[in-house]
Amino acid sequence: MGDIREPLRELTECGLPQALEVMGERWSFMILRASFNGLHHFEEFLSELGIARNILSNRLAKLVEHGILRRDPCPDDRRKIEYRLTEKGFDLLPAMVALRQWGQKYGQEVIENPVLVDERDRLPIGPTSILSHDGRILGPQDLHLVERSNLGIRADGSKAEAGEALGNGSVVDLEALRKARDAA
């Protein structure tokens, strides 16, 4: 990934160790998956996941502490608590989908039912990809590490300008991108 290497021993200069500190074990991901599937109550997590009460309590507290879930009083019974995903929690969805797809590809053969689909056309979602700022699909050969002060400076010294950023609902013409890549 280029001439520069990440400082692998320095845990504070990379987001991965920080993410693993919060999410780095199976039950946190299983609780998050259950939250994405609409579970909100301690007893629901307990019965659906088959997790020990003390482990569930510990993991929920950690997810709340790190702002991934929030504790809200139940609207119909203020003595009960609901665990709701925060914006920070919803931002983990691409990572969850990527891990799920990786498990489907490399794990023991799993025929999933139900299938994760695009709401608009109800067809299965495509593989999670790394996209450039302008929507191009990137592979390992396309990734490089650069010093922050050199952002946008191409290998030939010219300066790149950021293209229009993608947002939810943006449509990327994958076929045109493939043709352009193949032509280059």
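Predicted model only: the values in this text are computed from it and were never measured. Along each chain, residues carry numbers from 1 onward, in the same order as the chain's sequence is written. Per-residue local features of the predicted model are confined to residues with pLDDT of at least 70, and side-chain atom pairs are confined, for both listing and counting, to 80 or more; whole-chain, interface and lining totals are unaffected and use all residues. Excluded from the side-chain calculation are hydrogens and water; included are all heavy atoms of the structure.

> Outline the environment of Arg70, supporting the account with residue identities and numerical values.
Relative to the helices and strands, Arg70 resides in strand E1 (residues 69-73). On the basis of relative accessibility, which here comes to 38%, the residue Arg70 falls in the partly exposed class. Spatially, the C-alpha atom of Arg70 lies 8.0 Å from that of Glu82, the residues being 12 residues apart in sequence. Here, residues are in contact when the closest pair of their heavy atoms is within 4.5 Å. Excluding its chain neighbours within four sequence positions, the residues that come into contact with Arg70 are Glu82, Tyr83, Arg84, Leu85 and Thr86. Every helix listed is a DSSP run of H or I at least four residues long, and every strand listed is a run of E at least two residues long, numbered separately from the N terminus. Type-normalised accessible area, obtained with a 1.4 Å probe on protein chains alone, sets the label of each residue: buried when under 20%, exposed when over 50%, and partly exposed for intermediate values.

> Give me the side chain of Ser132: which residues, what numbers.
In this fold, Ser132 is placed in the loop between strand E3 (130-131) and strand E4 (137-138). With relative accessibility at 9%, the residue Ser132 sits in the buried group. Side-chain polar atoms of Ser132 contact the side chain of Asp134, separated by 2.3 Å. Polar contacts, as counted here, are pairs of nitrogen or oxygen atoms within 3.5 Å of one another; within protein the pair requires one atom able to donate a hydrogen and one able to accept it, and residues that are adjacent in sequence qualify only if both atoms are side-chain atoms.

> Please set out the packing of aromatic side chains residue by residue, giving values where relevant.
Each Phe, Tyr or Trp ring, with Trp reduced to its six-membered ring, pairs with another whose centre is within 6.5 Å; inter-plane angles below 30 degrees give stacked pairs, above 60 give edge-to-face pairs, and intermediate values give tilted ones. Overall, the coordinates contain 3 aromatic pairs when judged by the stated rule. Both rings, one in Phe45 and one in Tyr83, keep their centres 6.4 Å apart while their planes meet at 70°; by these two values the pair is edge-to-face. Taken together, the residues Phe45 in helix H3 (residues 42-49) and Tyr83 in strand E2 (residues 81-85) connect sequence positions 38 residues apart. By the burial criterion, Phe45 is buried, and Tyr83 matches it. Consider the rings of Trp102 and Tyr106, whose centres lie 5.7 Å apart with planes at 50°: the pair is tilted. Here Trp102 pairs with Tyr106, and both are found in helix H6 (residues 93-106), just 4 residues apart, close to one helical turn. Here Trp102 matches Tyr106 in class, with each residue exposed.

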